[in-house]
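Spelled out, the chains give:
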Amino acid sequence: MVAVVSSSFDFSAYLAKAKARVESALDQSLGPERPEQLRESMRYSLLAGGKRLRPILCLAACELAGGDPEKAISTAVAVEMIHTMSLIHDDLPAMDNDDLRRGRPTNHKVYGDALAILAGDALLTRAFEMVSLRTQGVPAERLLKVVGELSLVAGAPGLVGGQVVDIESEGKEVDLETLEFIHLHKTGALLKACVISGALIGGADEELLKALRTYAKGIGLAFQIIDDILDVTASSEVLGKTAGKDLLADKTTYPKLLGLEESRRRADELVSKAKDVLKPWEQSASPLLALADYITNRDR
Ligand code: GRG
């Protein structure tokens, strides 16, 4: 990892280095899966690119807590596995029914629905193996907390619950409160779990964990607001997924409820408040502060 000195922090270099480390760990994470078709299907989606924001948040939070980010690398892989499985399942005909993801045909378009579902299942369970059996040099009690954190986020209290409300809300009038519920569960919960898991591995105390929960909630919601904005303003080529999908599926989004300008203002405000809570750790929080800005400045 790049040395963290707030005034001279080179975020592009940090991001490139962290992303390369994550890509290499992801590449090595799958091994003995059999049969070959299952392994291929899992690798197809896991190694399809993507911003790798979630594993990078995990590594950065570990570092902020004073830990060696290498000790969080298996957990960083695990959160990307959970994210990837959620994308595979989200793209299925029974859900969002999409045929483009990360710039290539969706998993079920290549391998069929059954294998796509099973590859997703295998990635989800593999994620827990990564944390519990493939992490070295981290006290078991910290890992148990990480497993707990990830179990909650992957289940009904997190992604699954958010996805159900999202599906049920299609074509209906949705108020801001319900929209926020969907976003906080479908998207925000995993971003938060990435930050908290990394911090737990790094040995964060309660004060830092509390601040990081607030930080992550803010960036999580901002991330999805920007996702909604990009769905309207960016092209499929740039996004690597079908643009304009929300309108097509008659989904309520922030731009639909508040307009583009107010949506952007809210995202900026959320990020600014998220950064504020890390002020006491400013000297060593450069990566997390820069990642918060990256969320609102991104173009894909
Ligand atoms: C986890 C058990 C379990 C089930 C999943 C399908 C489902 C239940 C939930 C859907 C979750 C989902 C797809 C939320 C959208 C999150 C989102 C904004 C994804 C895009 O993230 P980026 O932009 O994508 O970080 P890349 O490709 O860069 O990784």
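Residues numbered from 1 in each chain as written. Predicted model: local features only at pLDDT ≥ 70, side-chain atom pairs only at ≥ 80, totals over all residues. Heavy atoms only, no water.

Enquirer: What exactly am I supposed to notice about the packing of aromatic side chains here?
Expert: To describe a pair of aromatic rings, one takes the distance between the centres and the angle between the planes. In total, this model carries four aromatic pairs according to the counting rule given. When the ring of Phe9 is compared with that of Tyr14, the centres are 5.5 Å apart and the planes differ by 55°; the resulting orientation is tilted. For the pair Phe9 and Tyr14, a shared accessibility class is recorded, and that class is buried. The ring of Tyr44 carries Arg104 above its face, with NZ or CZ at 4.5 Å from the centroid. (Phe/Tyr/Trp six-rings, centres within 6.5 Å; stacked < 30°, edge-to-face > 60°. Buried < 20%, exposed > 50% of the residue type's maximum accessible area, 1.4 Å probe, protein only. Lys NZ or Arg CZ within 6 Å of the ring centre and 35° of its normal.)

Enquirer: Where do I start with the pattern of salt bridges in this structure?
Expert: Side chains bearing opposite charge may pair, as long as their charged atoms lie close to each other. Scanning all chains against the criterion turns up 25 salt bridges. Residues Arg39 and Glu36 are paired through a salt bridge, measuring 3.8 Å at the closest nitrogen-oxygen approach. Residue Arg39 and its partner Glu36 are both found in helix 2 (residues 36–46); the two are separated by three residues, about one turn of the helix. Classification of Glu36 by relative accessible area gives partly exposed; the value is 40%. Close ionic contact of Asp166 with Lys251 constitutes a salt bridge, the shortest N to O distance being 3.0 Å. Here the residue Asp166 occupies a position in helix 8 (residues 159–169), and Lys251 occupies one in the loop between helix 12 (245–248) and helix 13 (254–258), the gap between them amounting to 85 residues. We note that Asp166, like Lys251, is buried. (Salt bridge = Lys/Arg side-chain N within 4 Å of Asp/Glu carboxyl O. Helix = DSSP H or I, 4+ residues; strand = E, 2+ residues; numbered from the N terminus.)

Enquirer: I would appreciate a short explanation of the nonpolar core in the present structure.
Expert: Buried together is how nonpolar side chains tend to be arranged in soluble globular proteins. Ranked by size, the top nonpolar core spans 92 residues in total, and within it Leu57, Leu212, Tyr215, Leu278, Leu288 and Leu291 carry the most contacts. By residue number, the principal contributor to this core is helix 10 (residues 206–233), which donates 14 residues. If sequence neighbours within four positions are ignored, Leu288 has contacts with Leu57, Ala60, Ala61, Leu64, Leu212, Tyr215 and Leu278. (Core = buried A, V, L, I, M, F, W, Y, C linked by side-chain atoms within 4.5 Å. Contact = heavy atoms within 4.5 Å.)

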